[in-house]
Protein chains: 2
Amino acid sequence: MTTIHEVAAAAGVSISTVSYALSGKRPVSEKTRRRIEDAALRLGYQPDAGARMLAGRRTNIFALTEPLRADTHAPTHMAFVLATAVAARRRGYDILLLTDEQTSEGMNRVAASNLVDAILVLDVAPDDERVAIARTVRTPTIFIGLPDDQRDLTCVDLDFEAAGHLAVDRLADAGYDRVLLLGQTEVSYRKSNFPRRLLRGVQERSTSRDIDLSWTATGSVITDTAAVRASAEAALDDGVRAFIVHAVNDVHEILLDVLAERGLHVGADVAIVSAAASFDTASLPVAVDTIPLVPQDSCELAVEIAVQRLEDPRLPARIHLIPPTYRAAGSVPPPRE
Amino acid sequence: MTTIHEVAAAAGVSISTVSYALSGKRPVSEKTRRRIEDAALRLGYQPDAGARMLAGRRTNIFALTEPLRADTHAPTHMAFVLATAVAARRRGYDILLLTDEQTSEGMNRVAASNLVDAILVLDVAPDDERVAIARTVRTPTIFIGLPDDQRDLTCVDLDFEAAGHLAVDRLADAGYDRVLLLGQTEVSYRKSNFPRRLLRGVQERSTSRDIDLSWTATGSVITDTAAVRASAEAALDDGVRAFIVHAVNDVHEILLDVLAERGLHVGADVAIVSAAASFDTASLPVAVDTIPLVPQDSCELAVEIAVQRLEDPRLPARIHLIPPTYRAAGSVPPPRE
DNA sequence: TTGAAAGCGGTACCAG
DNA sequence: CTGGTACCGCTTTCAA
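Residues numbered from 1 in each chain as written. Chains lettered and ligands numbered in written order. Predicted model: local features only at pLDDT ≥ 70, side-chain atom pairs only at ≥ 80, totals over all residues. Heavy atoms only, no water.

Draft legend 1. Fine view of the protein's contact with DNA strand C. Every one of the 29 residues lining DNA strand C counts as a neighbour, but T17, R26 and T32 of chain A together with I4 and S19 of chain B are closest to it. Within 4 Å of the protein, the contacting atoms of DNA strand C are drawn from sugar and phosphate to the extent of 53%. In the environment of DNA strand C, a phosphate oxygen lies 2.9 Å from a nitrogen or oxygen atom belonging to the backbone of S29 of chain A. At 3.1 Å, a side-chain N or O of K25 of chain B approaches a phosphate oxygen of DNA strand C. Listing elements by their share of the surface near DNA strand C, those giving two or more residues are α2 (15–23) and α4 (49–56) of chain A together with α2 (15–23) and α4 (49–56) of chain B. (Near = heavy atom within 4 Å. Polar contact = N/O pair within 3.5 Å; in protein donor to acceptor, adjacent residues only side chain to side chain. Helix = DSSP H or I, 4+ residues; strand = E, 2+ residues; numbered from the N terminus.)

Next comes the structure, spelled out in structure tokens:
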């Protein structure tokens, strides 16, 4: 294991010069710096993590807490974890996982032992118990998602309400006055925060734009194919020709199946907007206008904020809502007749 | 931030006594120990992670490398990550995530900087590049899965070949002489190691037991519903009444659908054995005999081995194959006529 | 532009 | 059974 001393000896300088040359925190003459970098590279020098933490009071590690609930949608969840890890790594941070039962206990533990520089919170519940912990630990904590009580918290999330507004506006602008919202599962309206926010946005805007809105959950815990199908068919029978879908892959496919069976063409006979989808809607058999929920965006912003907070601890806590964007794909035609 | 000095002061002892009392590495009189524990608890003392790493040359962190490939089945993968985290935590270790591109670079980095005590390798490919790295780093590395070249490696995995044998044996014992194996996706036969091993086990035993075996992949990258359906129907038309399924949830459901459509009853008209399923087959609409792949078992064993290696670094590298178990559920009746 | 040296907060050896 | 203390390897202040 090569230490800073060996590098210093090899380069014929003191260890402090090595430290400064490598960190860049103090100007070092061009040629000694090169000698040091050469030696470091040649010896495969890598600073000892423990020593660095102790002396520098920086661990270069972020904790990521993720309570895996029964209703967690694995692919979506993985996308968030991956996006966080990638974003963190780009800024020089590793991710320490706190899963399951250890989310709360773990937050306290890693904070108290100075194991991490910041804590990122995933899969935020409306009454999340991690909110209380975030308020007591000194470690900067960033929520990716919004709990109900946001006082003094730093949170990052897509602006789901605005996404709801946007979806309705597009349909209203096109001329539709009746819309069916195919939502998330019932449990997610209780255990998560974002489905409600999108729903509220859709409802608000439907009211103000005089849209006759109906909506339905798409299962109790996981997608209920029969229920989704029944809802879609009932709506179609009833003459509804505009849909907002805030749901997983499966639900989109079921809706598209039903439409296909009836010979209805998306973008001609029927309008669809996929709101806050975290999967790639381009993989659907039919092009669909989408207001995407991009895990990379939320996670990168969260990491960015964490880094800023470490650089300037006096930055005030605040809520960061990411404005939704509308990706048109021709699935919202003017209504027939 | 309470340090060991404050605890020592509060308890009226020296810091070394505190250290020993809390680690238990040296006998400490009952009453001083209590005083120390009280003080520690009262002050919310938690040893500084950096200091501990530096002085103790132990980080109490395991790295977990997981290259998330396109064909990674998210739910299964998550089950493994979760199981590893839980097992590690039980032994006092945290998990540092190395995902995606950083798997190889990350292994070298965390090993060279002494950030982790051991590395656990998930999602092992036949020609995994992490094999070479494992051989060069001093950090103990445990593979959860088998690469092709296993020389000098420590690996843990279900004995998929034995699982293949077991599945065939049960069907052969019951009296079947023709079997269809519904396998994994095509890409997984190239990118992973275990599907081949199960296939080989099934083929070997089919030969020795005089079974007429046919088999098919169940899609190229993800489940191809139409293809699975077609395979099942062709086999049934052909008179096959025994199935081994080594696949995800979906494939099981498609097969059960086809059988239901034809009025064939599992456990009466048709035999099914689910081999190496990593999801809970009890959630299927019909009870199915299962040779489960239990992530907890593999991951716990991997963690266990890692801990042992840290305690005794001279333990030899070896392959640990977990014997399969057969969970009967009445889905293998004697053949009709 | 560089070096010397004082910690950072523990662990574990050496004494008593 | 307990205390003193020499490190662990790096960061950073102080001095030159």
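Draft legend 2. Representation of the protein's contact with DNA strand D. Taken together, 28 residues are adjacent to DNA strand D, and I4, Y20 and Y45 of chain A together with T17 and R26 of chain B come closest. When atoms of DNA strand D within 4 Å of the protein are split into backbone and base, the sugar-phosphate part holds 52%. For DNA strand D, a phosphate oxygen lies 3.2 Å from a polar atom in the side chain of R52 of chain A. Taking T17 of chain B, its side chain carries an N or O atom lying 2.7 Å from a phosphate oxygen of DNA strand D. Sorting the residues of the surface near DNA strand D by element identifies α2 and α4 of chain A together with α2 and α4 of chain B as the ones contributing at least two each. Considered class by class, the residues forming the surface near DNA strand D number 14 nonpolar, 9 polar and 5 charged. (Nonpolar A, V, L, I, M, F, W, Y, C, P; charged D, E, K, R; others polar.)

Draft legend 3. Broad picture of the side chain of T59 of chain B. Residue and element names in this part refer to chain B. For T59, the position within the fold is in the loop between α4 and β1 (61–66). Here I61 takes part through its backbone nitrogen, which lies 3.0 Å from a polar atom of the side chain of T59. From its side chain, T59 meets the backbone oxygen of L115 in a polar contact 3.2 Å long. Other than its neighbours up to four places away in sequence, T59 contacts M53, N114, L115, V116 and D117. (Contact = heavy atoms within 4.5 Å.)

Draft legend 4. The arrangement of helix α8 (residues 160–174) of chain B in detail. Residue and element names in this part refer to chain B. Its 15 residues give α8 an end-to-end C-alpha distance of 21 Å, which sits within 8% of 21 Å, the value for a rise of 1.5 Å per residue. Where α8 is concerned, the buried positions are F160, A163, G164, H165, L166, A167, V168, D169, L171 and A172. If you follow the buried residues of α8, they end up packed against β5 (154–158), β6 (178–182), α10 (194–208), β8 (242–245), β9 (271–277) and β10 (289–292). Immediately beyond the C-terminal end of α8, within one or two residues, lies G175, with a positive phi of roughly 115 degrees. (Expected span 1.5 Å × (residues − 1). Buried < 20%, exposed > 50% of the residue type's maximum accessible area, 1.4 Å probe, protein only.)

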